[in-house]
Amino acid sequence: MIIDYGSSTTKAGLSVARNPQLQFRSYVNKFKDNVNMNNMIAQSDQDIFKNFRSPFEKNLLQHIGALETITDYIFTKLNIDQPYPTLLTECFGSTDVARNMLLELMFECYNLPSVMLGVDSLYSLFDQDLSQYLSQNRVVVSFGDQVTHVVPIVNGQVVYKNIKRINVGGLNSFKLFYNTVSIRNSHLKFQFPQMEYWHKQLTCVALDYNKQLQYFKGPPQYYGYRDKISEENLNYIDDVKYVDAITIDIPIIQKVVTQEDIKRKDEMRQRMRIRLLESVQQGNARKKAIQLENLRQLEEEYEKAPSDSLKRKILNIQVKLGMIEKDAIEQLKYNLLNTPDDKLTPSQLNIKRYQRIMFDQAAAKKQKNQEFKKKQEDARKFKLEEPEKYLEVLYEKRDIINNQIKDKKKLQLEIVSRNSRFNQKRIQTLAYLGQDSKDDDFGLDDKDWELYRDINKDGDSEDEKLKYKLQDIEAELKDIDPEFSTKILKSISNIHQLGMELNQVMLSVDRVRCQEIYFQPSMIGVEQQGLIDAIKLAVRDLDKSILKDVYLVGGGCQILNMPERICRDLTSEFDCPINVNVATHTVDGAWIGMRNFANKYPHLVAQFSINKKEYQEYGAIESFKEHAFSNIID
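Let me sum up the structure you'll find in this document. (Residues numbered from 1 in each chain as written. Predicted model: local features only at pLDDT ≥ 70, side-chain atom pairs only at ≥ 80, totals over all residues. Heavy atoms only, no water.)

**Some remarks on the overall build of the protein chain**
Per the secondary structure count, the protein chain includes 23 helices and 18 strands. Relative to its full complement of 634 residues, the protein chain shows a buried share of 39%. In the protein chain, 65% of the contacts between residues at least 6 apart in sequence involve partners at least 24 apart. Of the roughly 39,300 Å² of accessible surface on the protein chain, 49% is carried by carbon and sulfur atoms. (Helix = DSSP H or I, 4+ residues; strand = E, 2+ residues; numbered from the N terminus. Buried < 20%, exposed > 50% of the residue type's maximum accessible area, 1.4 Å probe, protein only. Contact = heavy atoms within 4.5 Å. Areas by Shrake-Rupley, 256 points an atom, 1.4 Å probe, with all protein chains shown as cover.)

Structure (structure tokens):
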């Protein structure tokens, strides 16, 4: 039985098989499903970022429960009815705790007769001849899902003290690609398999990252930096192969609405309307009862002690209840206007003058309201008769308000910045006005500039008014133009500074940035050296002839231009022959190497395996056996 536990993919099968009989993702659902085991293992079309986790974190075994679920899945799918001697993989520098958990699971839970442990990247180097394996001199670069190892091998022996590890892998690259593309195109919904396919097929390594970024900006004659000598040199050849941007059309799938759906929604809308009407009628009835009770109390008070204020309150309630017209209140409010002055007392004359002023103001306000209603009516007619022109007018108003908001923001920034031309002129004016003063030190302290910031806050109310106007216009545009929200989300501006080509995704920098993290881990916040620096440190005190064979294993070596980039960068660092080779079997190379070793050297497998008796007598740590493919015990 051969099992290659990977952080991303698990490969399993019997040694008699030519290729792994079972290959699946090493991600387990966080929520248990005792009914169907297939739901526990992440399928190829499921999003591993949601409710799934790997047994490994940074390539170290952490979640033994998830590993048990994966092993159960293997034994169930392969119909293993009896325990077989098993070859398992572990990572470089595996801890005693992780090894103890793994062996305890295999012997106590699955009752395996023996287990042989080895490092996956070392198994990938074995073909058929053990003597050839033990005489190799090379630098192995193992690309994992969460980490990358640089392993120097001299005369078939791993130089463990020179092994370098970078906490960057394929998962980090995919997460960066997934997040950047999703955020930039937030108006689209991407499927996980779709994003995974783009990451595998469309991303690549830039041979020169800085020049590649310049390539995305402009025409080829402006790429990179060239001095005068290089420009005059006619034989100058730029050997960098650039990657072009890709535009992908995303089909917009519209939801098909059937007549049954429309009928169901109409019935639901009618039920909600009836329920709302009932609640409104009940509320109006309660308010009417309260107002009638208030009217009865006021009438009783008015009968006992009549007064103008009580009468006005009574009339207001009666108008609200619809008992009388609103003109009755107006007559009571301006009752002295039609009375001659000779029949009024001096105090009544003052009241009459006040009523005249209020009457004129009310008349002006009424006329203004009528004019406003007339304008609204004209606008409504214009909207109905010429809707296209009305829409253009609204867009023009929106553009004007947007420009006003931008100008105000620009002015506010100039007021706050002491180096702006606006503040320089202000300083000159203050200096001119303060020439006669001997103690003019305004501006030396930073607190003096807070005054301008306080002045700047006075314009906030105007900005709010403009924003409210803009919101009203955009709300109306949403009601009139059904494509308004779509235009806002699109990427290419039209005559109204809105967007278009909503269903297109542009992949330019995203194609190379996600893979550049192998060479610049700081791009994602990992404070470690890049891959080239790691190789330099790994071979620092070794013979540089080892660089004649830089061997790439793991899924990361399938990335386009990865071998070329490593060879190019190493050639610029070392004055010796550099050869970069890629493994024949990149993903399942460890499993195939274990199969070849188990079939050709069964006696060595039995010699270096840990049997159950040894485990029970000595434990996981004491029973561990070193061999050509294993870790070492410090």
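**Here we look at helix 19 (residues 531-538)**
If you check which residues of helix 19 are buried, you get Leu 531, Ile 532, Ala 534, Ile 535 and Ala 538. With its buried residues spanning 160° around the axis, helix 19 presents them on a single face. The inward-facing, buried residues of helix 19 contact strand 10 (138-143), strand 11 (148-154), strand 13 (164-166) and helix 20 (562-573). (Arc of directions from axis to C-beta.)

**Re the side chain of Thr 86**
Tracing the backbone through its elements, the reader meets Thr 86 in strand 8 (residues 86-90). The exposure class assigned to Thr 86 is buried, which follows from its relative accessible area of 2%. Excluding residues that lie within four positions of it along the chain, Thr 86 makes contacts with Met 1, Ile 3, Leu 112, Ser 114, Val 115 and Met 116.

**Some words on the pairing of strand 2 (residues 9-13)**
Side-chain direction in a regular strand flips from residue to residue, so the side chains alternate between the two faces of the sheet. Most of strand 2 is tucked away, with 5 of its 5 residues classed as buried. Burial along strand 2 is two-sided: the face carrying Thr 9, Lys 11 and Gly 13 and the face carrying Thr 10 and Ala 12 are both buried. Across 3 bridges, strand 1 (residues 2-4) lies against strand 2 in antiparallel orientation. The partner of Ile 3 across the bridge, within strand 2, is Ala 12. What sits between strand 1 and strand 2 in their antiparallel hairpin is a turn of 4 residues. (Pairing = 2+ DSSP bridges.)

**Some words on the packing of helix 1 (residues 64-77) against helix 2 (residues 96-109)**
Between helix 1 and helix 2, the shortest axis-to-axis distance is 11 Å and the interhelical angle comes to 45°. By the angle class used here, helix 1 and helix 2 are oblique. The chirality of how helix 1 crosses helix 2 is right-handed. Contacts between helix 1 and helix 2 pair Ile 64, Leu 67, Glu 68 and Thr 71 from the former with Met 101, Leu 102, Leu 105, Met 106 and Cys 109 from the latter. Counted by class, the contact of helix 1 with helix 2 contains 7 nonpolar, 1 polar and 1 charged residues. (Axes fitted to C-alpha atoms, helices over the stretch in contact; angles between N-to-C directions. Parallel < 35°, antiparallel > 145°, perpendicular 65-115°, else oblique. Left-handed = near helix turned anticlockwise from the far one by under 90°. Nonpolar A, V, L, I, M, F, W, Y, C, P; charged D, E, K, R; others polar.)

**What to know about the nonpolar core**
With 51 residues, the main nonpolar core has Phe 143, Trp 198, Leu 531, Leu 547, Leu 552, Met 562 and Ile 566 as its most contacted residues. Among the elements that take part in this core, helix 5 (residues 170-184) stands out by supplying 6 residues, more than any other. Of all hydrophobic cores here, the second largest spans 34 residues; its members include Met 1, Val 28, Ile 610 and Tyr 615. (Core = buried A, V, L, I, M, F, W, Y, C linked by side-chain atoms within 4.5 Å.)

**Side note on the packing of aromatic side chains**
Enumeration according to the criterion identifies 23 aromatic pairs in this entry. On the numbers, 6.1 Å between centres and 65° between planes, the contact of Phe 126 with Tyr 601 is edge-to-face. Highlighted residues: Phe 126 in the loop between helix 3 (120-123) and helix 4 (130-133) and Tyr 601 in the loop between helix 21 (589-600) and helix 22 (602-608), separated in sequence by 475 residues. A single burial state applies to Phe 126 and to Tyr 601, both of which are buried. Here Phe 597 and Phe 629 contribute two aromatic rings whose centre-to-centre distance is 5.0 Å and whose plane-to-plane angle is 70°, an arrangement assigned as edge-to-face. With Phe 597 in helix 21 and Phe 629 in the segment after helix 23 (612-622), this pair connects stretches of sequence that are 32 residues apart. By relative accessible area, which is 2% here, Phe 597 ends up buried. (Phe/Tyr/Trp six-rings, centres within 6.5 Å; stacked < 30°, edge-to-face > 60°.)

**Structural notes on the side chain of Lys 11**
One can find Lys 11 in strand 2. Reaching out from Lys 11, the side chain makes a polar contact with the backbone oxygen of Val 587 at a distance of 3.5 Å. Residues contacting Lys 11, with those up to four places away along its chain left out, are Ile 2, Ile 3, Asp 4, Pro 20, Leu 22, Gln 23, Val 587, Asp 588 and Trp 591. (Polar contact = N/O pair within 3.5 Å; in protein donor to acceptor, adjacent residues only side chain to side chain.)

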